[in-house]
Each structure stands twice: as C-alpha cells, then as structure tokens.
Amino acid sequence: MTTRNWIKASLFGTSAAVSLLALISISTAQDGSSTGAITTRTHTFTPVRDDIYHVVGTGTVNVMSHAMLIEGEHDLLVVDSHVTPNAGMALLDAIKSVSDKPVRYLVNTHYHFDHAHGNQVFPQEVEIIGHPYTRQKLSGELGNVLEESTFLSFTESVPDQIENMRAELAQTSDPARTEELRARISMQQAHYESSQEIVPTPPNITVDDKMTIYQTVDGGGREIQIVHLGRGHTGGDVVVFLPDERLVYTGDLMVPGIPYMGDAYLNEWPDALERLKALDFDTILPGHGPVVQGKDRIDDLQAYMRDLWQRTAELKAQGLTFEEAATAIDLTGHSNNYPQLREPGADPRAIRRIYQLLDEQDGQP
C-alpha cells in the first residue's frame, strides 16, 4: 500500500464507499441563521472575509494546529499543513468540500512539526513558501528536526497515552465514556503511526523579508503579503497579511494564549510583535486558539514575555538551575490575561531556552 493510500485508510477506513463530501454540514448560529461555516468530518472552514477561511480541526484527526485557506478565481493558497502526513491529507481532502480548484501555494509560517509536517502529501506542483530558516530546518541543513527536543517532547509520550486510555477502556462500564475512549485511541493511534512516516519537506521558495502574491479574484487581484517581522517563536516566522481585507494570519508568532517557547528568541520576540502591530489590520487568525479582534492581546503577550525574560534572568543570576527556576518563577501577576497562571511555575522548556540565550549573550558556549 502506498503512503498516500495508507494515510487515507487510516483516516476513513478501507471502504471506498465512504465519501468525505457526504459528511459536510453547514454551521448555524444560536438564532438559527447560517454562519457560513462548512464542517466536514475533519475540519471546520469558517469564512472571515470573502473566500478566506480560518480552518480548525473537528477532533476526529489529530491536527494540532489551525490553517488558512484563501480561494482565488483559479486556484487556492493554503497556510500551514498540520502535524503529520495523516493530518495533511485530511486537510487536502476536506478542502475539496469548499472548492474544487487546485492548491497552487502552501505557506509555512514556521518549521515546527505541527505546522509543516503535512508538507510531504501536497502535490508536487504546489509551491511551498517559507523563510530561509524554515527551509534550513526542514532540509536537515541545521540537523534532523525529528531528533530535536521540541519534536520528541510532543511525540515520545503518545504510546504511553494510548496505553493509558486502553487501560481505562478495559475498566470502564459507561457506554458514553467507552465510545469516547475508542474514538480517542483510534485518533491517537493513527497520529502516532503517521508520525513514523514523516519526511520533512522544506519550502522551495523562500522569503527573507517580504514577498507579495497577487491572486486573481473576481473584479481584480487580491494582495497577499508574506512578511518576516524578525525572530520570535522561531528563527524564521512569517505572517500572511492581507491589507485590503485587514487581516493577518500569524501562525505561532501571536496566539491568544501563552505560546510554546522552547525554540524562541524571547529577547527579540516582543520587538517582532511591535512590528506586527505596525501592520494595518483588525483581525488576527492565530495558529492556535480563537480568532482575535484588535491588537490589545499583542500588548498582553509582550508584557508577559518581557516579565518572563527579566525574572528568569534574575533567577539565573542567583545561581538556580533552569529546572529550579521553572518551578520558582512567579508570573501570577499576568493571571488576568492568562487565567492558567494561578500559581508559580513555567514550562521548563521555555526556561531552558532562555538560559541558553542568556549564556549566548554572556559569551558562554
């Protein structure tokens, strides 16, 4: 069985009679009116402007990130490809529910596994666009991304999670819980098996600072800017900015919650966010979490990051290890913006990364 067919079998079973298009539903608001959202078995496509969709997984396939779809008169542009070949194929199949036009461009907002490891299942004629750093990471020029701590920290525990769910399934007598566990086990098993099939696939078009695509639409051209605002979440984040529509897809450079910082440049990230604020937009489509209106949440994230950096530097200067600092650091002053900060503590992966950056500033190896 080819990789593509194996992925489809994992997603939908081996029966060719199962049609994704037969599983479409149209979302409605509480008053019964249509929201215009299209929900397939695996994804919900919520229109945010004409022919522009924020794409979110339904939970039947482990996608681990959002995406964006921009439909032109003749072709499609997709932003981010999800976490595995399995998830990337689910995205491509779900897109057929929205449009039968071909995908022409795929933009990677950054190299992280949950946004770029679906690249390999996109057709060969699709142009993949990203920052040179993203290409270097996914091409292996800077090492094997499948052996990096970020990828491993999110994937090594999956077999144990599956076994724990199987153990609970064997003990439960609740029919609803039984059904839920079986669905979750199936999803996670497909996710894990597909993660073993990943072939990191880099962009074949790179953008250092900014490039613009003019997509043909009825009545003219849609301007799509792909912009690198500086190092932040990774060394090669790009955002997709549509000036006429006044919206920006930010990937993980800006999310409404606290982002993962294990590969971040936290000493530079707030400045990149300042340059983001200089763009003229009303709406943020993030790589995780709900759509954000306005720019106030950017201020909140900048304040948190600056405080995290300063407090971590102070604890390091006191001689604490990064593990000790991760336990001791108190950021509960930001709990109004981030309610999960109810007690001291931070992600050790973020604190370890800040220690690395502080050592680099001090000239230590």
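The rules behind these values
Residues numbered from 1 in each chain as written. Predicted model: local features only at pLDDT ≥ 70, side-chain atom pairs only at ≥ 80, totals over all residues. Heavy atoms only, no water. Axes fitted to C-alpha atoms, helices over the stretch in contact; angles between N-to-C directions. Helix = DSSP H or I, 4+ residues; strand = E, 2+ residues; numbered from the N terminus. Parallel < 35°, antiparallel > 145°, perpendicular 65-115°, else oblique. Left-handed = near helix turned anticlockwise from the far one by under 90°. Contact = heavy atoms within 4.5 Å. Pairing = 2+ DSSP bridges. Nonpolar A, V, L, I, M, F, W, Y, C, P; charged D, E, K, R; others polar. Salt bridge = Lys/Arg side-chain N within 4 Å of Asp/Glu carboxyl O. Buried < 20%, exposed > 50% of the residue type's maximum accessible area, 1.4 Å probe, protein only. Core = buried A, V, L, I, M, F, W, Y, C linked by side-chain atoms within 4.5 Å. Expected span 1.5 Å × (residues − 1). Patch = residues over 30% accessible without salt bridge, like charges linked within 9 Å, V, L, I, M, F, W, Y side chains within 5 Å. Areas by Shrake-Rupley, 256 points an atom, 1.4 Å probe, with all protein chains shown as cover. Lys, Arg positive; Asp, Glu negative; His and termini not counted. Charge placed at Lys NZ, Arg CZ, Asp CG, Glu CD.

> Help me understand the packing of helix α8 (residues 269–277) against helix α9 (residues 296–317), please; the structure alone is not making it clear to me.
Packed helices, taken two at a time, are described by the angle their axes make and the gap between the axes. In contact at an axis separation of 9 Å, α8 and α9 are set at 165 degrees when each is read in the N-to-C sense. Between α8 and α9, the angle falls in the class roughly antiparallel. Read as a crossing pair, α8 and α9 show a hand that is left-handed. Where α8 approaches α9, its residues Trp269, Pro270, Asp271, Leu273, Glu274, Leu276 and Lys277 are matched on the opposing element by Ile298, Asp299, Leu301, Gln302, Met305 and Arg306.

> I tried to follow the pairing of strand β4 (residues 52–57) on my own but got confused; where do I start?
The side chains of a regular strand alternate between the sheet's two faces. For strand β3 (residues 43–49) and β4, the ladder comprises six bridges, and the chain directions are antiparallel. Considered in β4, the bridge of Arg49 is made with Ile52. Between the antiparallel neighbours β3 and β4 lie two residues, among them Asp51 with a positive phi of about 65 degrees. Where β4 lies against strand β5 (residues 67–71), four bridges are found, and the strand directions are antiparallel. Directly across from Ile52, in β5, lies its bridge partner Ile70.

> Teacher, can you tell me more about the packing of α9 against helix α11 (residues 348–361) here?
At their nearest, the axes of α9 and α11 sit 10 Å apart, and the two run at 70 degrees to each other. Taken together, the axes of α9 and α11 lie roughly perpendicular to each other. In this structure, α9 uses Leu308, Trp309, Thr312, Ala313, Leu315 and Lys316 to contact α11, whose residues at the interface are Ile351, Ile354, Tyr355, Leu357, Leu358, Asp359 and Gln361. Grouping the amino acids of the contact of α9 with α11 by side-chain chemistry returns nine nonpolar, two polar and two charged.

> Where do I start with the pattern of salt bridges in this structure?
Pairs may arise between side chains of opposite charge once their charged atoms sit close together. Enumeration over the complete set of coordinates arrives at 17 salt bridges. Between Arg297 and Asp300 there is a salt bridge whose closest N-O contact spans 3.2 Å. Of this pair, Arg297 and Asp300 both sit in helix α9, separated by three residues, roughly a single helical turn. We classify Arg297 as partly exposed; its relative accessible area is 22%. Given the relative accessible area of 17%, Asp300 is considered buried. One connected set of salt bridges, linked through shared partners, spans Glu168, Arg177 and Glu180.

> In this structure, what is going on with the pairing of strand β11 (residues 220–227)? I would like to understand it.
By the bridge criterion, eight bridges tie strand β10 (residues 210–217) to β11 in an arrangement that is antiparallel. Across the sheet, the residue bridging to Gln215 is Arg222, located in β11. Taking the residues between adjacent antiparallel strands as the criterion, β10 and β11 are bridged by two residues, where Gly219 takes a positive phi near 90 degrees. Sheet topology places β11 next to strand β12 (residues 239–242); three bridges connect them, and they run antiparallel. Note on β12: the bridge partner recorded for Ile226 is Val240.

> I'm lost on the nonpolar core in this one. Help?
Side chains of nonpolar character tend, in soluble globular proteins, to be buried together. Counting 43 residues, the largest nonpolar core has Met261, Leu273, Leu276 and Leu308 as the members making the most contacts within it. For this core, the elements supplying multiple residues, two or more each, are α4 (132–139), β12, α8, α9, α10 (322–328) and α11. Among the elements that make up this core, the one with the highest residue count is α9 (seven residues). Non-local contacts of Met261, meaning those with residues more than four positions away in its chain, are made with Leu266, Trp269, Tyr304, Met305, Leu308, Ala350 and Arg353. By size, the runner-up hydrophobic cluster in this structure holds 20 residues, among which are Tyr53, Leu91, Leu92 and Ala94.

> Before we go on, may I ask you to explain α11 in this structure?
An α-helix turns once per 3.6 residues; consequently, residues spaced three or four apart project the same way. A rise of 1.5 Å per residue sets the reference length of α11, with its 14 residues, at 20 Å; its end C-alpha atoms lie 20 Å apart and thus fit the reference within 8%. Inspection of α11 places Ala350, Ile351, Arg353, Ile354, Tyr355, Leu357, Leu358 and Asp359 among the buried residues, and these make up the whole buried set. As for α11, its buried residues are in contact with α9 and α10. In the stretch just after α11, Gly363 is the one whose phi turns positive, near 80 degrees.

> So what exactly am I meant to see when it comes to a negative patch on the surface here?
A surface patch of like charges, here negative, comprises Asp50, Asp51, Glu73 and Asp218. Relative to the helices and strands, Glu73 is located in the loop between β5 and β6 (76–79).

> How should I be thinking about the sheet that holds strand β13 (residues 247–251) in this particular structure?
Strands pair in a sheet through their backbones, by hydrogen bonds, and they do so in one of two ways: parallel or antiparallel. Spatial strand order, β10-β11-β12-β13-β14-β15: six strands in an open sheet with mixed pairing. Taken across any chain shown, the strands that pair with only one partner, and hence form the sheet edges, are β10 and β15 (292–293). Two strands pair when backbone bridges link them, and β13 and strand β14 (residues 283–286) are joined in this way by four bridges, in the parallel orientation. Following the sheet pairing, Gly251 is matched in β14 by Pro286.

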